[in-house]
Amino acid sequence: TATTAPPTQIQQGQEQQQATILILLQTFSYKIPQMRGTQDLPAIGYVETFSELLREGYEEYRSAILASNDALQDVRIAPVGQAVLHLYLHDPDLWEQLYSWDDFHPS
């Protein structure tokens, strides 16, 4: 999911220029292993592995978008997946409540 932040004014000498910042909303891992195309991920360490692959993937998207689009000032990542991983590691009861009845969608 991508969201574009409202443009801001940047002073450059005498001229003003519109700056566009793209924000990518990082998704988070599925709750249970072997779901919807994740059969190759290990059952042990599943959430950690899935989360790390998501983090790496979003960094690659960020780099590719910046390299191919001169109009963007920056591409930022809202690290939702990393926040959910933190809950998984430090508050498993709350992490369990983040998912809907289908163990896939957020609650």
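See the structure shown above.
Keep in mind the model is a prediction, meaning the values are calculated, not measured. (Residues numbered from 1 in each chain as written. Predicted model: local features only at pLDDT ≥ 70, side-chain atom pairs only at ≥ 80, totals over all residues. Heavy atoms only, no water.)

**Some details on the overall build of the protein**
Point 1. Regarding its fold elements, the protein presents three helices and four strands.
Point 2. Going residue by residue from the N terminus, the α and β elements of the protein occur as β-β-β-α-β-α-α.
Point 3. With 107 residues in all, the protein has 26% of them scored as buried.
Point 4. Only carbon and sulfur atoms are counted for the fraction: they give 54% of the accessible area of the protein, which is about 7,200 Å². (Helix = DSSP H or I, 4+ residues; strand = E, 2+ residues; numbered from the N terminus. Buried < 20%, exposed > 50% of the residue type's maximum accessible area, 1.4 Å probe, protein only. Areas by Shrake-Rupley, 256 points an atom, 1.4 Å probe, with all protein chains shown as cover.)

**Let's talk about helix α1 (residues 46–68)**
Point 1. A rise of 1.5 Å per residue sets the reference length of α1, with its 23 residues, at 33 Å; its end C-alpha atoms lie 33 Å apart and thus fit the reference within 8%.
Point 2. Turning to α1, its buried residues number three or more, namely Y46, V47, F50, S51, L54 and Y58. (Expected span 1.5 Å × (residues − 1).)

**Some remarks on the packing of α1 against helix α2 (residues 80–90)**
Point 1. Running from amino to carboxyl end, α1 crosses α2 at an angle of 165 degrees, the nearest separation of the two axes being 10 Å. Accordingly, the angle class assigned to the pair α1 and α2 is roughly antiparallel. Considering the relative orientation of α1 and α2, their crossing is left-handed. Taken together, the residues of α2 that come into contact with α1 (itself represented by V47, E48, S51 and R55) are G81, Q82, L85, Y88 and L89.
Point 2. Of the residues assigned to the contact of α1 with α2, the class counts are four nonpolar, three polar and two charged. (Axes fitted to C-alpha atoms, helices over the stretch in contact; angles between N-to-C directions. Parallel < 35°, antiparallel > 145°, perpendicular 65-115°, else oblique. Left-handed = near helix turned anticlockwise from the far one by under 90°. Contact = heavy atoms within 4.5 Å. Nonpolar A, V, L, I, M, F, W, Y, C, P; charged D, E, K, R; others polar.)

**Observations regarding the packing of aromatic side chains**
Centre distance and the angle of the planes are the two values used to describe a pair of aromatic rings.
Point 1. The full count for this structure, using the stated rule, is six aromatic pairs.
Point 2. Here Y30 and F50 contribute two aromatic rings whose centre-to-centre distance is 5.0 Å and whose plane-to-plane angle is 70 degrees, an arrangement assigned as edge-to-face. Linking Y30 in the loop between β3 (15–25) and α1 with F50 in helix α1, this pair joins segments that are 20 residues apart in sequence. With respect to burial, Y30 and F50 carry one shared label: buried. (Phe/Tyr/Trp six-rings, centres within 6.5 Å; stacked < 30°, edge-to-face > 60°.)

**Regarding the layout of surface pockets**
Point 1. Approximately 150 Å³ is the volume found for the largest pocket.
Point 2. What lines the largest pocket is T27, F28, S29, Y30, F50, Y99, F104, H105 and P106.
Point 3. Considering only residue class, the lining of the largest pocket consists of six nonpolar, three polar and no charged. (1 Å grid on protein atoms, 1.4 Å probe; cavity = no way out; pocket = protein on both sides within 12 Å on 5 of 7 lines; lining within 4 Å. Points joined across faces, edges and corners; volume = space filled by probe spheres on them.)

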